[in-house]
Amino acid sequence: MNAGKQELKVKRVSTRKRTRDSLNSNLTPAKKRGTGPEKGMLNGLMADENPTEYCSDNEDLFGDYDSILGDSSVMAKLDCVEQIARKQEPQQAVDSQPRHSDDRLTDSILDVFKDKSFEDLPAATPFDLSEDDVENMKMSELLQEDKTSTPLRIKKRTSEGRTKMGVVNTTEGQTSGVFSKARRSMTDHLKRAMLSNARAPSSVSCAKVLKEAVVTEEINVAMQAMETVSTVTTDLGPFFGLPTKVKELIYKLRGINDLYDWQKTCLNLDSIRERRNLIYSLPTSGGKTLVAEILILKELLCRKKDCLFILPYISLVQEKVRGLAGFGLELDFMVEEYAGSKGRFPPVKRRNNRSLYIATIEKGHSLVNSLIENGRLDNMGLVVVDELHMLGDGSRGAIIEMTLAKVLYMSNQTQIIGMSATLGNIKDIQTFLRAENYTNDFRPVQLSEYVKLKDTIYEVAPQEEDCLKFSRLLNFKYSSSMQRMDPDHIIALATEVIPAYSCLIFCPTQKNCENIAGMICKYLKEEFLVHKEKEKGVLLQELRSSGNGSMCPVLKKVIPYGLAYHHSGLTSGERRLVEEAYSSGVLCLLACTSTLAAGINLPARRVILRSPYVAADFIKRSQYKQMVGRAGRAGIDTVGESILIIQDKDRIMAKKLVSAPMETCYSNLTHNDGKGILSLILSIIGLNASTFITTTLEQVKDFMSGTLLCVQEDQLCVERNLWDMVQESLAFLKEKDLITISQCAQRETLEITKLGKATYKSSVDLTQCDVLYKDLSKGLESLMLNSYLHLIYLIMPYDMIAQCKPDWMAFFRQFTLLSASEQKMAAAIGVPESFVARKAAGQTVKKSVNMAAVRRLYLALVLFTLLKETNLWSVAERFQLSRGFIQTLLSSSSAFCSCVLHFTEEFEEFWPFKALLAELTRRLSYCVTAELVPLMEVAGVLEYRAKQLYNAGYKTLAHLANADPNVLSNTVENLNKRQANMMVASAKMLLNEKASALQEEVDELLMLPLDLPMASH
Ligand SMILES: Nc1ncnc2c1ncn2[C@@H]1O[C@H](COP(=O)(O)OP(=O)(O)OP(=O)(O)O)[C@@H](O)[C@H]1O
Ligand SMILES: [Mg+2]
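Residues numbered from 1 in each chain as written. Chains lettered and ligands numbered in written order. Predicted model: local features only at pLDDT ≥ 70, side-chain atom pairs only at ≥ 80, totals over all residues. Heavy atoms only, no water.

1. Comments concerning the overall build of the protein chain
- In terms of regular secondary structure, the protein chain is built from 48 helices and 20 strands.
- Per-residue burial over the protein chain gives 59% buried out of 1017 residues.
- Carbon together with sulfur atoms contributes 53% to the accessible area of the protein chain, which is approximately 41500 Å² in total. (Helix = DSSP H or I, 4+ residues; strand = E, 2+ residues; numbered from the N terminus. Buried < 20%, exposed > 50% of the residue type's maximum accessible area, 1.4 Å probe, protein only. Areas by Shrake-Rupley, 256 points an atom, 1.4 Å probe, with all protein chains shown as cover.)

Okay, structure coming up:
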């Protein structure tokens, strides 16, 4: 069967007259390749030959915000400080000093048909097409080539496709008649299902259809203008080269009716008009995103190319997907989420539509890899990187660098846009990206920075010799006990603004966040309880139901006063609820860690930095700028202010902090013993290997000369130059059996091994790949499949195992609950019951036991219990672990499981793992009861919301996609209209995306091979 499929594909290639240029490899730099159709042909051939799946879910290893922290080891430091502190201090004490101390979407095609009717939909059924609708549909087909309403478009596209097939078929003889009949019934069936399922609840009016026709016309005009772009042309369309509808949508969906002057200037830059790479840098809240979004729309609509938007956190990706789904629906392009367990590799080919991929750093990299391997990178017209300064951020920075270096090397058609508020050395980055630069100081809301020392507040004034200018004395009346509790006068500072305005307090540790929130509420007056009392009651209720009846005692105490804390120890459900309540003004103060500064957009009137430390480290200038940058909400506040609290000893450092230029952003390919260089070189060789073309040493050298590391070689490669590093890396990869080096025609050629291929494709850490291989082989010898326990044991992330300290009593209790075969499996991996029993009894065990296996089993038990019970709180209690830890364990295991799945796919001997791990990944990704999964596939719908929706009658994706937002927000408790709109738009987009992917699959499946052997005359 496979062979047949393969043959069909190869033949289809030949029908498209693709030629294979054997001199070009995946590694051939764009500048050396033609830019015309030849390149597309070559790449197209590759696409069909070896479609592979990629996976890189590293960002999930640290959940959402904390991916960066965990990654750059600040998280580890933070945790370490937390642990020491937990042991040392009583709960209540408030620190007066900082302590220095592809998954392919699993829905089958049947799912579309399963949703037969919407009789149970709590709104008007979308099946009832009125006469008007039918008329409009007919009219719209007449009016336009490429309509904006997806169901109709799909219908039209299908019929077009069939006509084309028909032409081919009639020339090909009899077989085609049967074929086209089968195809017709199938496509008709699909068409009907999709038309019904994806249909928007609102009817299409004549005016709308006409308006859409105008839009299509405008796009066409703009496209023509783009094609004949010249420096004389200044206005390519009514709205920066885009149809007026885009402007209207920006107003309708964002409430923005005019662009800032700098945004207009930036969009009219020559570099933009001529599609050169660009870095633009403006202060926080400057409105950078909108410019990027307009450029993305231009690429999608006018140039008909796909775009990739890279954002640093899962929550930001989800927020963006929700925010842009409405644009996608109105302007007819796909918005695809690449975060967490979401995203397909390679992405679905859409012949008649464009896609905007919104991705985390890691998924963006995997996407680029898979597009290169499948020869589709030139379809990507634009790559936008938000928070570009993260290039300098540990191994995540290295991933951004790898992604951009590959795009630069491989495609001279793809434009790169980077934005940041805190880039110190734009010149280096400009050289790396071959980009132009635009800088402006604009900030819509003025930010005033202050420093507080004892009871004096100084204004930051860089022009003054001392950098600080006396501003005022803090006005407060503290009792002696209050002074003892709050020697830094945080309560006085906070109550100057709350509850009328909002306030963020950045704290150095997680525990400190909780303590600060608890302390402030102790001294707040009763009036605070009355403020938004009802809404706060609702929030508490929601928190309780998100925790299946459990609730954090600190939140329970502080929320009635309008306060909360926010750090990575919260569950994702709690985090979302706290964020939403703060955004809507129900909560007026959050005590948070620095993670909030780079995460979701939660600005405040006043930002207080409780100390200039993150964990035990003095903060960096860029961290400071990101934190204080949260002050001042555009459109709400007229001013924003930040107050940094310092002690005498920090004085000199603090002055530097507030006045120094931004830190330099360095390449991180050498970070962590050069892991970046190693995996970059491995993937370069691997990408070439996918086309059966070996890599030469010269190619690697050539590639490396296009990295940021090469730009900064003089500063970073002090002991040995870049070339020496490359040589060393190659030797290491060879020693690890990831590549082979051989001499061929007087050239050293490099080839990837099976292990190497599995490693780079699965994004498994290359220092752990051999251990993983051994563990999986051993596991396979006696795989216990009576339950998930053994499989869970095998996919436990190695990094998590190192962090784990078992609670022996809990371990023993859970151990005794295991079935006989589970206990047998535990004994087989070297953890007998007797050992756990002795440890639980506090006895010393003389026999040597592999502690890594013990810890691994303990964590596997935690996850196993969670998978069975789906109640994070009760599991946390049972194992004496924090709920934040369990949340991280779940997300990192689900990500690692997906990595291991891709790893095993490269080895024939691991065939049984394929089906097993695919199912386990799916289960771990959501970890909820099966009926909630389809709802949780919608961007940002978490368990508690999915439950609410399900109980309200919205049981499937189709229910949600066809819901009336008004009915939805009235039926589902505490879901406001805006949220309902975004949710419905996201669901619609997801449904369209799935339906269109199925359509593409059907088209491909039914395509007739033109070289089908015919009867000879
Ligand atoms: N032209 C405009 N008119 C009014 N509001 C705008 C305009 N452009 C952007 N905004 C709003 O300003 C706010 C901040 O914008 P944005 O998030 O793009 O800032 P940013 O420059 O990316 O800042 P940061 O560096 O903090 O991420 C958003 O709420 C956005 O909707
Ligand atoms: Mg931004």
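That shown, we press on.
2. Notes on the site of ligand 1
- In the region of ligand 1, 17 residues are neighbours, and Asp258, Gln263, Ser285, Lys288 and Thr289 sit closest.
- Residue Gln263 places a side-chain N or O atom 3.0 Å away from a nitrogen atom belonging to ligand 1.
- No other element matches the three residues that helix 13 (residues 288-301) contributes to the shell around ligand 1.
- Classifying every residue of the shell around ligand 1 by side-chain character gives seven nonpolar, six polar and four charged. (Near = heavy atom within 4 Å. Polar contact = N/O pair within 3.5 Å; in protein donor to acceptor, adjacent residues only side chain to side chain. Nonpolar A, V, L, I, M, F, W, Y, C, P; charged D, E, K, R; others polar.)

3. Concerning the packing of helix 10 (residues 244-254) against helix 13
- Interaxial distance between helix 10 and helix 13 falls to 12 Å at its minimum, and their mutual angle equals 135°. Here helix 10 lies oblique to helix 13, going by the angle between them. Seen from above, helix 10 lies across helix 13 with right-handed handedness. Contact residues: helix 10 offers Val246, Ile250 and Arg254, while helix 13 offers Leu290, Glu293, Ile294, Leu297 and Leu301.
- In terms of residue class, the contact of helix 10 with helix 13 is built from six nonpolar, no polar and two charged. (Axes fitted to C-alpha atoms, helices over the stretch in contact; angles between N-to-C directions. Parallel < 35°, antiparallel > 145°, perpendicular 65-115°, else oblique. Left-handed = near helix turned anticlockwise from the far one by under 90°. Contact = heavy atoms within 4.5 Å.)

4. Focus on the nonpolar core
- Counting residues in hydrophobic clusters, the biggest one holds 179 residues, and the most contacted among them are Tyr280, Leu433, Met704 and Phe811.
- In terms of nonpolar packing, the next biggest core, distinct from the first, is built from 80 residues, Leu539, Leu587, Met627 and Ala654 among them. (Core = buried A, V, L, I, M, F, W, Y, C linked by side-chain atoms within 4.5 Å.)

5. Structural notes on the environment of Gln623
- Checked against the element boundaries, Gln623 lands in helix 26 (residues 621-628).
- The spatial distance from the C-alpha of Gln623 to the C-alpha of Thr422 is 8.8 Å, given a sequence separation of 201 residues.

6. Observations regarding empty space enclosed by the protein
- Of the voids in this model, the second largest cavity is the one considered here, and its volume is about 190 Å³.
- What lines the second largest cavity is a set of 15 residues, among which Val335, Glu336, Glu337, Leu990 and Glu993 lie closest to the centre.
- Elements with a contribution of two residues or more to the lining of the second largest cavity: strand 3 (334-338) and helix 48 (977-1006).
- Classifying every residue of the lining of the second largest cavity gives seven nonpolar, two polar and six charged. (1 Å grid on protein atoms, 1.4 Å probe; cavity = no way out; pocket = protein on both sides within 12 Å on 5 of 7 lines; lining within 4 Å. Points joined across faces, edges and corners; volume = space filled by probe spheres on them.)

7. Quick notes on the sheet that holds strand 19 (residues 739-744)
- Taking strand neighbours across the sheet as the criterion, the three strands line up as 18-20-19 in an open arrangement whose pairing is antiparallel. With one partner strand each, in any of the chains shown, strand 18 (695-696) and strand 19 form the two edges of the open sheet. (Pairing = 2+ DSSP bridges.)

8. Considerations on the sheet that holds strand 14 (residues 606-609)
- Within the open sheet, the eight strands sit side by side as 10-9-8-17-14-11-13-12. Their pairing is mixed. Here the strands that pair on one side only, and so sit at the sheet edges, are strand 10 (468-473) and strand 12 (563-566). Averaged over all pairs of adjacent strands, the angle between their axes in this sheet comes to 25°, without regard to strand direction.
- Bridge count between strand 11 (residues 503-506) and strand 13 (residues 589-592): four bridges; the pairing is parallel. The residue bridging Leu504 from the neighbouring strand is Leu590, located in strand 13.
- Against the sheet, helix 20 (residues 510-522) contacts strand 11, strand 12 and strand 13, and its axis sits at roughly 175° relative to strand 12.

9. Overview of the packing of aromatic side chains
- On inspection of all chains with the given rule, the structure shows 20 aromatic pairs.
- Arranged with centres 5.9 Å apart and planes meeting at 45°, the rings of Trp262 and Tyr280 form a pair that is tilted. Of this pair, Trp262 sits in helix 11 (residues 261-267) while Tyr280 is found in strand 1 (residues 278-281), placing the two residues 18 residues apart along the sequence.
- Taken together, the ring pairs connect Trp808, Phe811, Phe815, Phe835, Tyr858 and Phe879 into an aromatic cluster. (Phe/Tyr/Trp six-rings, centres within 6.5 Å; stacked < 30°, edge-to-face > 60°.)

10. Focus: helix 45 (residues 943-951)
- Among the residues of helix 45, those classed as buried are Tyr944, Arg945, Ala946, Gln948 and Leu949.
- On its buried face, helix 45 sits against helix 22 (533-546), helix 24 (572-583), helix 44 (933-936), helix 46 (957-961), helix 47 (965-971) and helix 48.
- Of the residues one or two after helix 45, Gly953 is the one with positive phi, at around 105°.

11. Considering the environment of Gly632
- Tracing the backbone through its elements, the reader meets Gly632 in the loop between helix 26 and strand 17 (639-646).
- Between the C-alpha atoms of Gly632 and Arg443, which are 189 residues apart in sequence, the distance is 9.6 Å.
- Dropping the residues within four chain positions of it, Gly632 is found in contact with Ser285, Arg443, Val445, Pro603, Ala604, Arg605, Asp637, Val639 and Gly640.

12. So, helix 33 (residues 754-762)
- For helix 33, the buried fraction is high: seven of the nine residues fall into the buried class.
- If you check which residues of helix 33 are buried, you get Leu755, Gly756, Ala758, Thr759, Tyr760, Lys761 and Ser762.
- On the buried face of helix 33, the contacting elements are helix 15 (361-373), helix 28 (671-689), strand 20 (747-752), helix 34 (769-781) and helix 42 (883-905).
- At the C-terminal side of helix 33, Ser763 shows a positive phi close to 60°.

13. Some details on the confidence of the model for the protein chain
- Confidence in the prediction of the protein chain, expressed as mean pLDDT, is 79, and 76% of residues score 70 or more.
- For the stretch residues 193-206, pLDDT sits under 50, and the model shows 41 contacts to residues farther than four places along the chain or on other chains.
- Segment residues 228-235 is flagged for pLDDT under 50; beyond a separation of four residues in sequence, or across chains, it makes nine contacts in the model. (pLDDT = per-residue confidence, 0-100.)

14. Some remarks on unusual backbone geometry
- Between Phe345 and the following residue, Pro346, the backbone shows a cis peptide bond with an omega angle of -10°.
- Examined against the element boundaries, Pro346 turns out to sit in the loop between strand 3 and strand 4 (355-359).
- The residue after Ile498, namely Pro499, is reached through a cis peptide bond having omega 0°.
- You can see Pro499 is positioned in the loop between helix 19 (490-495) and strand 11.
- Phi is positive for Glu387, close to 50°, though the residue is something other than glycine.
- The residue Glu387 is located in the loop between strand 5 (380-385) and helix 16 (394-410) in this model.
- The residue Gln880 is not glycine, and still its phi comes out positive at about 55°.
- For Gln880, the position within the fold is in the loop between helix 41 (872-878) and helix 42.

15. Comments concerning the pattern of salt bridges
- For the structure on display, the rule yields 40 salt bridges.
- With a shortest N-O distance of 3.6 Å, Arg945 and Glu580 are connected by a salt bridge. In this pair, Arg945 is assigned in helix 45 and Glu580 in helix 24, connecting sequence segments 365 residues apart.
- Classification of Glu580 as partly exposed rests on a relative accessible area of 22%. (Salt bridge = Lys/Arg side-chain N within 4 Å of Asp/Glu carboxyl O.)

16. What to know about the packing of helix 14 (residues 314-331) against helix 48
- It is the contact of helix 14 with helix 48, at a shortest axis distance of 8 Å, that shows an interaxial angle of 60°. Viewed along their axes, helix 14 and helix 48 adopt a mutual orientation that is oblique. For the pair helix 14 and helix 48, the crossing hand works out as left-handed. Contacts from Arg322, Gly323, Ala325, Gly326, Gly328 and Leu329 in helix 14 reach Met982, Ala985, Ser986, Lys988, Met989 and Asn992 in helix 48.
- In the contact of helix 14 with helix 48, the residues fall into five nonpolar, five polar and two charged.

17. Comments concerning the side chain of Asp486
- Within the secondary structure layout, Asp486 lies in the loop between helix 18 (480-485) and helix 19.
- Here Asp486 occupies a buried position and makes no salt bridge, while the nearest side chain of opposite charge, Arg610, is found at 6.4 Å.
- Separated by 3.0 Å, the side chain of Asp486 and the backbone nitrogen of Ile490 make a polar contact.
- The residues contacting Asp486, other than those within four sequence positions of it, are Tyr478, Ile491, Ala492 and Met519. (Lys, Arg positive; Asp, Glu negative; His and termini not counted.)

18. Focus: the pairing of strand 9 (residues 456-460)
- Most of strand 9 sits out of view: four of its five residues are buried.
- Pairing of strand 8 (residues 446-453) with strand 9 involves four bridges; the strand directions are antiparallel. Paired with Leu453 across the two strands is Thr456, which belongs to strand 9.
- Where strand 9 meets strand 10, five bridges bridge the pair, whose relative direction is antiparallel. The partner of Glu459 across the bridge, within strand 10, is Lys469.

19. Digging into the state of the cysteines
- Scanning the model with the defined rule gives zero disulfides in all.
- Between Cys717, a cysteine without a disulfide, and Cys710, which holds the nearest cysteine sulfur, the sulfur-to-sulfur distance is 8.3 Å. (Disulfide = S-S within 2.5 Å.)

20. Concerning the side chain of Asn668
- Considering the arrangement of structural elements, one finds Asn668 in the loop between helix 27 (651-659) and helix 28.
- Within polar-contact distance, the side chain of Asn668 engages the backbone oxygen of Gly392 at 3.1 Å.
- A distance of 3.5 Å separates a polar side-chain atom of Asn668 from the backbone nitrogen of Gly394.
- When neighbours within four sequence positions are excluded, Asn668 is seen to be in contact with Leu391, Gly392, Asp393, Gly394, Gly397, Ala398 and Glu401.

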